[in-house]
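What follows is each chain in one-letter form.
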Amino acid sequence: MSVPAPRWIAPRTETAAAPVQAYRLRFWRERAGVLRLAISADERYILYLDGAVVARGPERGDCESWFADAREFPVDAGSHVLVALVWAAGEAAPLAQTSFQAGFYLHHQNPGRETDLSTGLAAWRVKPLPGHRFVDLGGRMPEFHAVGLDLEIDGARHPWGVERGAGQGWVLASASAPAAAPFTPFGEHRPTRTLRPGTLPAMREERAAPGVVRFAEEAASATPGPLLGRRQDEALASAFQRLLAQGRSFVLPARGRWRVLVDLRDYLCAYPSLQVSEGAGAALTVRWAEALHAPQDHLAKGNRDEIEGRLFSGPGDRFLADGGRNRVFTPLWWRAGRYVQVEIATAEEPLRVQALEFLATGYPLVPESRFAPADPGLRAVLRLCLRSLRQCAHETYLDCPHYEQLMYVGDTRLEMLSHYALCRDDRLQRKCIALFAATRDASGMIASRAPARLRQVIAPFGFWWITCVHDHALWRDDPAFTRSCLPGVRALVEFGLRHRDADGLVAALPGWNFVDWAEGWERGVPPDGDAAGAVINWQFVLALDAAADLEKWHGDAALAARCRREAEALSERLVRIFWREDRGLFADDAAGTTFSEHSQCLAVLSGRLPAAQLKTLGRSMRAAEGLTRCSLYFSHYWLEACRKLDLADEWWARLALWRELPALGLLTTPEAPGRNRSDCHAWSAHPLFHAHATLLGVRPAAPGFRRVRIAPLARGASLHVSGTVAHPLGAIEVELCYGDEAPTARITLPAGLEGEFVWRGRVHALPAGRSTFPLADPTVSLAAAPFPVRRRARSAA
């Protein structure tokens, strides 16, 4: 006899309007065991077992890939209760949050016990939580925010104890849509969520250090001004510090208003938890900011350690006390930043403040690779980069955790490269590549960000997605997944080829032709970027060659040859139209009026320039003035070009941009140097990748990382560098001892892996096990491409 399938459940009509609902199921176990559950919700859930949080989710996706999280929980014999808090914020939700219809889904996967707990089969009950509402508290910086509205929890309306299943008003939930395929037996499409097994582990949750009180005052108004040391309330600051460090509560009198600034001394993505007693009618707001800013200029942040005379601006959540004892307020979603401002306004009763804690969260990224430079400045830079990557990795990669929490292709490619270099876990990379692939429309173009309720098209990001698939094919031996991406790769190649003008250049691409936030580029679009400029065309050359590699390795040889021909023809056109012999550089526009680092580094990375022209370009890149400079983000490609040309001095000079960051009090890598919006942008964290792939020089030399090529870039006779790079077969160990009397490279490869070591133009075979090579001159290195040089474009000269 077949077991009925679980169904989605939802509130009955009369209570469905509340954005937050609680679902409850009481059950009994004759003996101790393990619950094996698949859990999902629309939009999000927090699952409690006997009053304790055991899961949050679901793993973020879209309606085509709505995930059910597989989780296991031990239970003792006896009675138990499952409670799920489920919320659907609609347009108030983060832009990355999609929705079909509010509801909850749970599949009990223990064989023979499916009907005991599964939604639609067991007697789940539901009740609304009217004390929760999504509001705009104001006080944010006037910049683009996409993290949704703020949350207000009214303690007087909240049913305390709901997480334990307590209280009245629970009614049977209504079974709604089946968790089935979106097609009827007759092939008719049924709009719904396509439920898929979750692909990621649970997000990490760990108690964070409490931070330190930097400022406290009795506020004169609800919108306090700059923080001024002369207004410091030392007694309040001391009491709040004891609360953080020792858990000692304190009492605030009735009819007062205060604010306290906490410096977390770290950049966190975390759930704040605030516990209070009594104080009916008190309002407590917990706001987050990355840094404080000048009163008249929200982008003038200066040194992030400094607070005197500056303003606090940022989103937050508000909690309204009901006068009860030991009330714990926690928002439904995490916040991000370094500084937390607690604003408290009491009513007619004193308020006891009992605890403020932070539960840090994010993807459980555990670095397996290690990089140990002798340079303390470089170590400081890499700490910032790793912190940025960790704070921008959650259920997807994020551009930034404070402002947007959106995943864009351009950012994601660089985040994935660092992730590949750090550890063997590639579940997040696979998921994100697939999410972008699923956004492909009839034109062949993918969305620039995913998931998202509002589709955005950045065609150059579509071309970067091809290189994302190429990166995965190089770093991981995953041919089935790579083949599943080939239809999307082919569609994007055809998209680019269809948008050629009479000169054979890619032109007038629809959407936003963003490349980089380079100075002087309006909306980040390069000169002629909306017409037929050089930058995007060089990028398309890279995409064509990446597609050719993918077809050669896992697809169609004829399509590989076609992509090679198209890349060759396009590169020859670019040399003919944009090369300026008098400057030894490529122009950005056909008129030859503007020049950028972007055109030069992409041309170098194409691998299609004749040797003489490449040498000329290398000299010009050293000496040229007036080039539009790559941002921190796009400097990844500049560093890659310097590596390819063996411009070690220029490579290290560019890294100086990152060396300046710690002195500004930054704990993470920003969106851009100078006046910038976001202080935590992992698209600027790519030195983490270069530490392993450029300075140690460890890169795949064959698809699937089945061979390795180690070609270090070095500078300085006293430099000593060592580290390991995680490989699917084990650790690759590299030690470069430049300062010894006999400079030496010591390399150890895991069993089953072979490759080559490149130094001063010489290629040495690398067998599995330990090898030693002399390093005659540390200022000279060769960091050639891992594959044979492609056919060169003919020089315009």
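Model, not experiment: these values are computed from the prediction.

1. Points about the nonpolar core
Of all hydrophobic cores here, the largest spans 147 residues; its most connected members are Trp465, Ile466, Trp538, Ile710 and Ile732. For this core, the leading source of residues is helix α8 (residues 534–554), giving 14 residues. With residues near it in sequence (within four places) discarded, Ile732 still touches Val698, Phe705, Val708, Ile710, Gly723, Thr724, Val725, His727, Thr748, Leu749, Pro750 and Leu753. Val213, Leu243, Trp258 and Leu356 belong to the second largest nonpolar core, which has 47 residues in total.

2. A look at the environment of Val734
Within the secondary structure, Val734 is located in strand β30 (residues 730–737). The spacing of Val734 and Ile710 is 24 residues in sequence and 8.8 Å in space, taken between C-alpha atoms.

3. Examining the packing of helix α5 (residues 427–437) against helix α6 (residues 459–475)
Viewed as axis vectors pointing N to C, α5 and α6 meet at an angle of 150°, and their least axial separation amounts to 11 Å. Once α5 is placed against α6, the crossing between them reads as left-handed. Between α5 and α6, the contacting residues are Arg430, Ile433, Phe436 and Ala437 on the first element and Trp465, Cys468, Val469 and His472 on the second. The class makeup of the residues in the contact of α5 with α6 is 6 nonpolar, 1 polar and 1 charged.

4. Overview of the pattern of salt bridges
Under the defined criterion, the tally for this structure stands at 52 salt bridges. Arg677 is paired through a salt bridge with Glu671; the nearest N and O atoms lie 3.3 Å apart. Across this residue pair, the class does not change: Arg677 and Glu671 are buried. Counted as one network, the salt bridges with shared partners bring together Arg140, Asp150, Asp317 and Arg335.

5. Digging into the environment of Phe312
With respect to the helices, strands and loops of the structure, Phe312 is situated in the loop between β19 (283–289) and β20 (316–320). Residue class for Phe312 comes out buried when judged on its relative accessible area of 11%. Separated by 22 residues in the primary sequence, Phe312 and Glu290 have C-alpha atoms spaced 9.4 Å apart. Those residues in contact with Phe312 that sit more than four places away from it in its chain are Leu261, Arg287, Trp288, Ala289, Leu292, Tyr339, Val340 and Gln341.

6. A look at the side chain of Gln97
You can see Gln97 is positioned in the loop between β7 (78–87) and β8 (103–108). Classification of Gln97 by relative accessible area gives buried; the value is 5%. A polar contact of 3.2 Å, which involves the side chain of Gln97, links it to the side chain of Arg60.

7. Digging into the packing of aromatic side chains
Counted by the stated rule, this structure contains 26 aromatic pairs. Both rings, one in Trp464 and one in Phe634, keep their centres 6.4 Å apart while their planes meet at 50°; by these two values the pair is tilted. With a gap of 170 residues between them, Trp464 in helix α6 and Phe634 in the loop between α11 (611–623) and α12 (635–645) connect regions that are remote in the sequence. Neither Trp464 nor Phe634 differs from the other in exposure class; each is buried. Aromatic side chains Phe514 and Trp683 sit 6.5 Å apart centroid to centroid with 5° between the ring planes, which places their arrangement in the stacked category.

8. Some points on the sheet that holds strand β32 (residues 754–759)
Spatially, β27-β28-β32-β33 is the arrangement adopted by the 4 strands of the open sheet, whose pairing is mixed. Of all strands in the sheet, those bounded by a partner on one side alone are β27 (698–700) and β33 (762–766). Each strand of the sheet is rotated relative to its neighbour by a mean of 25°, with strand direction disregarded.

9. Considerations on the layout of surface pockets
Empty space among the atoms can be located by rolling a probe the size of a water molecule over them. In this structure, the largest pocket occupies an estimated 710 Å³ of space. Together, 27 residues line the largest pocket, and Tyr48, Val53, Glu163, Val328 and Thr330 are the ones closest to its centre. Secondary-structure elements contributing two or more residues to the lining of the largest pocket are β4 (44–49), β5 (52–57), β15 (204–207), β18 (257–278), β21 (327–329) and β23 (351–362). If one sorts the elements of the lining of the largest pocket by residue count, β21 sits on top with 3 residues. Classifying every residue of the lining of the largest pocket gives 13 nonpolar, 7 polar and 7 charged.

10. A short note on the sheet that holds strand β31 (residues 744–749)
The strand order across the open sheet formed by 5 strands is β24-β29-β30-β31-β34, and the pairing between neighbours is antiparallel. The open sheet has two edge strands, β24 (370–373) and β34 (769–774), and neither has a second partner. Taken pair by pair, the neighbouring strands of this sheet meet at an average axis angle of 10°, ignoring direction.

11. Thoughts on the environment of Gly324
Its place among the elements puts Gly324 in the loop between β20 and β21. Placed 282 residues apart in sequence, Gly324 and Ser606 show a C-alpha to C-alpha distance of 67 Å. When near neighbours in sequence (up to four residues on either side) are disregarded, Gly324 contacts Val276, Ser277 and Glu278.

12. Description of empty space enclosed by the protein
Inspection of the entire model under this criterion finds 12 cavities of 30 Å³ or more. Here the second largest cavity is characterised by a volume of approximately 220 Å³. Together, 21 residues line the second largest cavity, and Trp87, Pro94, Phe134, Val147 and Trp333 are the ones closest to its centre. When its residues are assigned to classes, the lining of the second largest cavity shows 13 nonpolar, 3 polar and 5 charged.

13. A short note on unusual backbone geometry
With an omega of 15°, the peptide bond running from Asp42 to Glu43 counts as cis. Its location among the elements puts Glu43 in the loop between β3 (33–42) and β4. Gly57 connects to Pro58 through a cis peptide bond whose omega is 0°. Along the chain, the position of Pro58 falls in the loop between β5 and β6 (66–75). Despite not being glycine, Asn326 shows a phi value in the positive range, around 55°.

14. A closer look at helix α10 (residues 597–605)
For α10, a buried count of 8 out of 9 residues is recorded, marking the element as mostly surrounded by other parts of the structure. Among all positions in α10, only Glu597, His598, Ser599, Gln600, Cys601, Leu602, Ala603 and Val604 are buried. Each element contacted by the buried residues of α10 is listed here: α6, α8, β26 (585–586), α11, α12 and α13 (648–659). Within two residues after α10, Gly607 carries a phi angle of roughly 70°, on the positive side.

15. Points about the confidence of the model for the protein
Averaged over every residue, the pLDDT of the protein is 93; the share at 70 or more is 95%. Within the model, pLDDT remains below 50 along residues 778–797, and this stretch shows 65 contacts once partners closer than five positions in the same chain are excluded.

16. Remarks on the state of the cysteines
Summed over the entire model, instances satisfying the criterion amount to 0 disulfides. Of all cysteine sulfurs, the one in Cys392 lies closest to Cys400, which takes part in no disulfide; the gap is 7.0 Å. Summary of cysteine pairing: Cys563 is not part of a disulfide, and the nearest cysteine sulfur, belonging to Cys485, is at 15 Å. Residue Cys563 is classed as buried on the basis of its relative accessible area of 8%.

17. Some points on the pairing of strand β2 (residues 20–29)
By the criterion of burial, β2 is predominantly enclosed, with 8 of the 10 residues buried. Sheet analysis places β2 next to β7, joined by 10 bridges and oriented antiparallel. Pairing of Arg24 across the sheet is with Val83, part of β7. One ladder, built from 4 bridges, connects β2 with strand β9 (residues 125–128); its direction is antiparallel. Bridge assignment links Tyr23 to a residue of β9, and that residue is Val126.

Calculation criteria
- Residues numbered from 1 in each chain as written.
- Predicted model: local features only at pLDDT ≥ 70, side-chain atom pairs only at ≥ 80, totals over all residues.
- Heavy atoms only, no water.
- Core = buried A, V, L, I, M, F, W, Y, C linked by side-chain atoms within 4.5 Å.
- Buried < 20%, exposed > 50% of the residue type's maximum accessible area, 1.4 Å probe, protein only.
- Helix = DSSP H or I, 4+ residues; strand = E, 2+ residues; numbered from the N terminus.
- Contact = heavy atoms within 4.5 Å.
- Axes fitted to C-alpha atoms, helices over the stretch in contact; angles between N-to-C directions.
- Left-handed = near helix turned anticlockwise from the far one by under 90°.
- Nonpolar A, V, L, I, M, F, W, Y, C, P; charged D, E, K, R; others polar.
- Salt bridge = Lys/Arg side-chain N within 4 Å of Asp/Glu carboxyl O.
- Polar contact = N/O pair within 3.5 Å; in protein donor to acceptor, adjacent residues only side chain to side chain.
- Phe/Tyr/Trp six-rings, centres within 6.5 Å; stacked < 30°, edge-to-face > 60°.
- Pairing = 2+ DSSP bridges.
- 1 Å grid on protein atoms, 1.4 Å probe; cavity = no way out; pocket = protein on both sides within 12 Å on 5 of 7 lines; lining within 4 Å.
- Points joined across faces, edges and corners; volume = space filled by probe spheres on them.
- pLDDT = per-residue confidence, 0-100.
- Disulfide = S-S within 2.5 Å.

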